Amino acid sequence: MKNYPPQFKADAVERIRQLEARVAELEASERKLATERDILRKAAKYFAGETNW
């Protein structure tokens, strides 16, 4: 980024910060969803074994 104007560099740095923050949000959301999925799978397995049809 040697030949770019200073404002472009500042904008690029800010955009990178925003994107990194969004990635962190999405990773946290993915972990939460994976945990919820695992809980639901275990619950479904548990309740499937209880039926006496």
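Predicted, not measured: the structure shown is a model, and the values here were computed from it.

Novice: When you look at the overall build of the protein in this model, what are you seeing that I'm missing?
Specialist: Along the backbone of the protein there are 1 helix and 0 strands. Per-residue burial for the protein yields a buried fraction of 4% across its 53 residues. Just so you have it, the protein exposes about 5300 Å², and 59% of that area is on carbon and sulfur atoms.

Novice: Explanation requested: the pattern of salt bridges in the structure shown.
Specialist: Between side chains of opposite charge, a pair can form as their charged atoms come close. Evaluation of the coordinates by the stated rule reveals 4 salt bridges. Between Glu36 and Lys32 there is a salt bridge, and its shortest N-O distance comes to 3.9 Å. Residue Glu36 and its partner Lys32 are both found in helix α1 (residues 6-50); the two are separated by 4 residues, about one turn of the helix. On the basis of relative accessible area, Lys32 is assigned to the exposed category, the value being 53%.

Conventions adopted
Residues numbered from 1 in each chain as written. Predicted model: local features only at pLDDT ≥ 70, side-chain atom pairs only at ≥ 80, totals over all residues. Heavy atoms only, no water. Helix = DSSP H or I, 4+ residues; strand = E, 2+ residues; numbered from the N terminus. Buried < 20%, exposed > 50% of the residue type's maximum accessible area, 1.4 Å probe, protein only. Areas by Shrake-Rupley, 256 points an atom, 1.4 Å probe, with all protein chains shown as cover. Salt bridge = Lys/Arg side-chain N within 4 Å of Asp/Glu carboxyl O.

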